[in-house]
Amino acid sequence: MYLQHLYPMPKSFSEKDDIAYRFGAEEALFCTFALSEVAAGRMKALWNRFCMTASALTIRTISGSGFVCRLGSGGTETEPVLQSDDTYCLRAAGGSVILKAKDEKGVFAGFMTLLQLICPDDLSEGHEAFSIAETEIHDAPAVGFRSVHLCIFPESSPVTIEKAIHMAGFLKMTHVVLEFWGTYPYRTLPSLAWRGKSLTDDQVKSFIDLIHSYGMEVIPMINHFGHASSSRVAFGRHTLLNAEPRRAKLFEPDGWTWCLSNPDTYKLLSEMRAELLEVCGAGSYFHLGFDEAYSFATCRSCRARVSYELLAEYVNHLTEDLSAAGRRPILWHDEFINAADFGGKIRSAVVANGQTHNTYPAIDRIDRRVIIADWQYEYRNEENVTSAYFMEKGFDVILCPWDDMENIRSLISNAKDLNAYGVMLTTWDHLPGYLPRFPAAADMLWRADHSMAEICRTESASLLRTLCDAEGDFDRAGWRYYEVLE
């Protein structure tokens, strides 16, 4: 391999110093199936980038069965055997490189590993030469649902979002959650986005197309409970009410939480969901938010209701609506849990907000098609009582760490031990600083053991530089937009 580490590291990998395969400025990949146009386009682009722009790939369909791809014309005796628990396997030997997989997604995953085996021997024009060492790989992910949550703030650089998507795709994530903080240009109500700060339709489409090009699914997100201002509470803005104060009845009096008793709220959110579903393409999920509803049931209408009954009724209506669209709702966990229920096993730093407004009893009344996203940023090497609690209640659970590496390691370990539904890496306002940590988190998500590889920033930088061409522009390069802190 070219770098010191494969990203993510396969479950079984062996390599010798002997050169198995050589190629030059043009190479062909022969496949026994027809790759989708999107997948083929991304594979060709990645090949060119991992060959330092000095080699171009042609993809050709040949006769054969299954999902097999070959570089070179070696015989069938060099083919690896796809084991029952493999997503893909790969062998470089005998003058060929053969990749076999269970499906097209497996081929794509294996291809991204193959790219990292390419060694440049000569990059001078007219003498381009590359080699791949003798290698055998058998591979499959330890966690099936591997997602990353990306926030697009008014201050977010589109280039940073692009970098994150490239990293997520190359590191074999399966889903990307897109949360727009006053930056999505809604047709149904333009003032839901900041004037002069929203993305264009073309920018949104470019993000979604890039996600799809890596074979990942977009999970659209709209906060349907707290965070109704589409702005961070620390800075006091409100996308809609700063523009249209007469819309105040859509929210609780402080504007932070949607008013669940107002049918106009439900109608507007339905229209917003419909727009995002249309633009994000096919998928199986929709993230509804639901965390930190500080002012729930403070208006006259809402406080007249039993709080957990109102909340459960609302969740179930949303679940039915999304089910009709072929989607499952994802909800943050915190308003459905009561710290006292854990008899001292839950530390004060662990998030459990359901007792504040008596919302935690709603957990026994909501539809089990709901997926609980358990965001716990303080778990460190300890029993995960909250995720186990929701699973015992019959819910699929996604564990959600933030940007502390020990928290990431702990929750990914918990997800494996509990056999949870999956993991969602959250980045929030720390995305630029998260980028160099991404390879280590993705590596642990992929591998079966609980260790986290020590991945140096120079190699993370090499990956980012290979995936995203800065074209010599300072602001497009690296993780952040500065090198000096004053």
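Residues numbered from 1 in each chain as written. Predicted model: local features only at pLDDT ≥ 70, side-chain atom pairs only at ≥ 80, totals over all residues. Heavy atoms only, no water.

Colleague: Give a description of unusual backbone geometry that names residues and reports values.
Modeller: Geometrically, the link from Tyr-7 to Pro-8 is a cis peptide bond, its omega value of -15 degrees lying close to zero. Looking at the secondary structure, you find Pro-8 in the segment before strand E1 (12-23). Even without glycine at this site, Thr-53 takes up a positive phi of about 65 degrees. Looking at the element boundaries, Thr-53 is found in the loop between helix H1 (37-50) and strand E3 (56-61). For Thr-53, a relative accessible area of 49% translates into the label partly exposed. Positioned with a positive phi, Asn-419 is a non-glycine residue whose angle comes to about 55 degrees. Along the chain, the position of Asn-419 falls in the loop between helix H9 (405-418) and strand E16 (422-426). (Helix = DSSP H or I, 4+ residues; strand = E, 2+ residues; numbered from the N terminus. Buried < 20%, exposed > 50% of the residue type's maximum accessible area, 1.4 Å probe, protein only.)

Colleague: I'd like to hear about the nonpolar core, residue by residue, with values.
Modeller: Generally speaking, soluble globular proteins have nonpolar side chains that are buried together. In terms of nonpolar packing, the biggest core is built from 141 residues, with Ile-132, Phe-290, Phe-336, Leu-425 and Phe-438 touching the most fellow members. Per element, the largest residue contribution to this core is eight residues, and it comes from helix H7 (residues 307-324). Not counting the four nearest positions on each side in its chain, Phe-290 is found in contact with Asn-223, His-224, Phe-225, Leu-311, Tyr-314, Val-315, Leu-318, Leu-331, Trp-332, Asp-334, Glu-335 and Phe-336. Of all hydrophobic cores here, the second largest spans 19 residues; its members include Ala-373, Trp-375, Tyr-377 and Cys-400. (Core = buried A, V, L, I, M, F, W, Y, C linked by side-chain atoms within 4.5 Å. Contact = heavy atoms within 4.5 Å.)

Colleague: Quick rundown of the environment of Glu-275? Include the residues and the values.
Modeller: Relative to the helices and strands, Glu-275 resides in helix H5 (residues 263-280). Sequence separation of Glu-275 and Gly-95 is 180 residues, and the distance between their C-alpha atoms is 51 Å. Other than its neighbours up to four places away in sequence, Glu-275 contacts Tyr-184, Pro-185, Tyr-186, Arg-187 and Thr-188. Of the polar contacts made by the side chain of Glu-275, one reaches the backbone nitrogen of Thr-188; its length is 2.6 Å. (Polar contact = N/O pair within 3.5 Å; in protein donor to acceptor, adjacent residues only side chain to side chain.)

Colleague: Can you tell me about the pattern of salt bridges, naming the residues and giving the values?
Modeller: Under the counting rule described, the total for this entry stands at 25 salt bridges. A salt bridge links Asp-367 to Arg-369; its shortest N-O distance comes to 2.7 Å. A relative accessible area of 30% means that Arg-369 is categorised as partly exposed. Among the salt bridges present, the one from Glu-406 reaches Arg-409, with a minimum N-O distance of 2.9 Å. With Glu-406 and Arg-409 both in helix H9 and three residues apart, the pair spans about one turn of that helix. By sharing partners, the salt bridges in this structure join Lys-11, Asp-85 and Asp-86 into a single network. (Salt bridge = Lys/Arg side-chain N within 4 Å of Asp/Glu carboxyl O.)

Colleague: Provide a residue-level description of empty space enclosed by the protein, including the pertinent values.
Modeller: Within the structure shown, the criterion is met by one cavity of 30 Å³ or more. Computed from the structure, the largest cavity encloses a volume of approximately 190 Å³. As for the largest cavity, its lining consists of 18 residues, of which Phe-180, Tyr-186, Ile-222, Ser-230 and Met-272 are closest to the centre. (1 Å grid on protein atoms, 1.4 Å probe; cavity = no way out; pocket = protein on both sides within 12 Å on 5 of 7 lines; lining within 4 Å. Points joined across faces, edges and corners; volume = space filled by probe spheres on them.)

Colleague: Can you break down helix H8 (residues 385-392) residue by residue, with the values?
Modeller: Within H8, six of the eight residues are buried, which leaves it mostly tucked inside the rest of the structure. By the burial criterion, the buried members of H8 are Val-385, Thr-386, Ser-387, Ala-388, Tyr-389 and Phe-390. If you follow the buried residues of H8, they end up packed against strand E14 (371-375), strand E15 (396-400) and H9. Within two residues after H8, Gly-394 carries a phi angle of roughly 100 degrees, on the positive side.

Colleague: Describe in detail a nonpolar patch on the surface, supporting the description with residues and values.
Modeller: Together, Tyr-2, Met-52 and Leu-123 make up a nonpolar patch on the protein surface, roughly 280 Å² of accessible area in all. Here Leu-123 is to be found in the loop between strand E7 (118-122) and strand E8 (129-139). (Patch = residues over 30% accessible without salt bridge, like charges linked within 9 Å, V, L, I, M, F, W, Y side chains within 5 Å. Areas by Shrake-Rupley, 256 points an atom, 1.4 Å probe, with all protein chains shown as cover.)

Colleague: An account of the packing of H1 against helix H12 (residues 457-467) is requested, with residue identities and associated values reported.
Modeller: The relative placement of two packed helices is expressed as an angle between their axes plus a distance between the axes. At a closest axis distance of 9 Å, the pairing of H1 and H12 adopts a crossing angle of 125 degrees. In terms of axis orientation, H1 runs oblique to H12. Relative to H12, H1 is oriented so that their crossing is right-handed. Together, Leu-46, Arg-49 and Phe-50 of H1 and Arg-465, Thr-466 and Leu-467 of H12 make up the contact between the two elements. (Axes fitted to C-alpha atoms, helices over the stretch in contact; angles between N-to-C directions. Parallel < 35°, antiparallel > 145°, perpendicular 65-115°, else oblique. Left-handed = near helix turned anticlockwise from the far one by under 90°.)

Colleague: Mind laying out the packing of aromatic side chains, listing which residues take part and the relevant values?
Modeller: Scanning all chains against the criterion turns up 26 aromatic pairs. Here the aromatic rings of Phe-290 and Phe-336 are separated by 6.3 Å at their centres, their planes lie at 20 degrees, and the arrangement is stacked. Here Phe-336 lies in the loop between strand E13 (328-332) and E14 and Phe-290 lies in the loop between strand E12 (285-287) and helix H6 (300-303), a separation of 46 residues in the sequence. Both residues of the pair, Phe-290 and Phe-336, belong to the buried class. On the basis of an interplanar angle of 45 degrees and a centroid distance of 5.9 Å, the ring pair of Trp-332 and Trp-428 is categorised as tilted. A residue pair is termed long-range when its members are at least 10 positions apart, and Trp-332 in strand E13 and Trp-428 in the loop between E16 and helix H10 (431-434) qualify at 96 residues. (Phe/Tyr/Trp six-rings, centres within 6.5 Å; stacked < 30°, edge-to-face > 60°.)

Colleague: So, the side chain of Asp-403: which residues are in play, and what are the values?
Modeller: Tracing the sequence through the fold places Asp-403 in the loop between E15 and H9. A polar atom in the side chain of Asp-403 sits 2.6 Å from the side chain of His-430.

Colleague: How would you explain the packing of H1 against helix H2 (residues 104-115) if you had to name every residue and give the values?
Modeller: Interhelical geometry of H1 versus H2 gives an angle of 5 degrees and a closest axis separation of 10 Å. Put simply, H1 runs roughly parallel to H2. The residues of H2 that touch H1, namely those facing Ala-39, Arg-42, Met-43, Leu-46, Trp-47 and Phe-50, are Glu-104, Phe-108, Phe-111, Met-112 and Leu-115. Class assignment of the residues belonging to the contact of H1 with H2 gives a composition of nine nonpolar, no polar and two charged. (Nonpolar A, V, L, I, M, F, W, Y, C, P; charged D, E, K, R; others polar.)

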